[in-house]
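This is what each chain is made of:
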Amino acid sequence: MNDKVKKKMKPRIFISSTFYDLKYIREELMRFIVSKNYEPILFENGNIGYTPNRALDISCYEAMKNSDMAILIIGGKYGSPSTTDNNEFEEYVSVTRKEFRSANESKIPIYTFVDSKVFTEYELYERNINESEAILNIKFNNADNINIFKFINEIKILGLPMFQFLTINDIEHILNEQWADLMKKYLTQLREQKTAETLQDILKKQVVDWKNCRQTLTLPMRRCRIIRKSSPITVA
């Protein structure tokens, strides 16, 4: 089997997060994904093809749409603004947030992990979400921008699952469990599909048998009609 075929067999997994504050997490995740014989997609590793005379982040969104799965990591940094959205207002859309939206719009499975400390502060934000002045006056220790909480809230409103983490080990453990469950569901689906195909074959055979039986039963009657029709009429 050549390398081109092998590459097609590997799931492409896009790692989405801010870079500098989560660089260690990204590196460890890359090693973890490679250990599974999957293909990690990270911009810093040259896995994304960039087009000259076009903003770099646009290529990231396109690469996300061509991936099979996404791992989203949310830490204490919101990140730089996307070049594709109107970012004149305070609630701007970051590159990471835009990557998430690209994945969600393309129906790509997303595993979202939020730093536990950041999530604790998000819960404080959520309790005071209707008190805009109170929220603006709060100084959060682990989140550099209130837009992080709005990002988390967006994911929550969509009903997508989120996991909290303290270390990379937490992320790897959850991914191991989730991917094992995904494999189990796929195998179950194959088994059910095979069962359905077997039942369909049985039904087809029964239909054929019924048709053959019908033909067998009607043949003597047809012969009888032919004989009666062809017999000469005698007058006593």
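That block above? That's the structure.
Worth saying up front: this structure is predicted, and the values here are computed from it rather than measured.

Peer 1: Before we move on, can you summarise the sheet that holds strand E3 (residues 69–74) with the specific residues and values?
Peer 2: What the five strands build is an open sheet, ordered E2-E1-E3-E4-E5; its pairing is parallel. Bordering the open sheet on either side are strand E2 (39–41) and strand E5 (162–165), each of which pairs with just one other strand. In this sheet, neighbouring strand axes are inclined to one another by 25° on average, regardless of whether the strands run parallel or antiparallel. Sheet topology places strand E1 (residues 12–16) next to E3; four bridges connect them, and they run parallel.

Peer 1: An account of the pairing of strand E4 (residues 110–115) is requested, with residue identities and associated values reported.
Peer 2: With five of its six residues buried, E4 lies for the most part within the structure. In this structure, E3 lies alongside E4, joined through five bridges in parallel fashion. Across the sheet, residue isoleucine 73 finds its bridge partner in E4, namely phenylalanine 113. The pairing of E4 with E5 spans four bridges and is classified as parallel. From the neighbouring strand, valine 114 faces E5, where its bridge partner is glutamine 164.

Peer 1: Residue-level account of the pairing of E1, with values.
Peer 2: Counted residue by residue, E1 has four buried out of five residues, so it is predominantly covered. Looking at chain direction, E1 and E2 are connected through three bridges and run parallel. Counted as the bridge partner of arginine 12 is glutamate 39 from E2. Following the chain from E1 across helix H2 (residues 23–35) to the adjacent parallel E2, one finds a crossover that is right-handed.

Peer 1: Tell me what's going on with helix H3 (residues 56–65), and back it up with residues and numbers.
Peer 2: Taken together, the buried positions of H3 are Asp57, Ser59, Cys60, Tyr61, Ala63 and Met64. Close packing links the buried residues of H3 with E1, E3 and helix H4 (95–105).

Conventions we followed
- Residues numbered from 1 in each chain as written.
- Predicted model: local features only at pLDDT ≥ 70, side-chain atom pairs only at ≥ 80, totals over all residues.
- Heavy atoms only, no water.
- Pairing = 2+ DSSP bridges.
- Helix = DSSP H or I, 4+ residues; strand = E, 2+ residues; numbered from the N terminus.
- Axes fitted to C-alpha atoms, helices over the stretch in contact; angles between N-to-C directions.
- Buried < 20%, exposed > 50% of the residue type's maximum accessible area, 1.4 Å probe, protein only.
- Right-handed = clockwise from strand over helix to strand, strands pointing away.
- Contact = heavy atoms within 4.5 Å.

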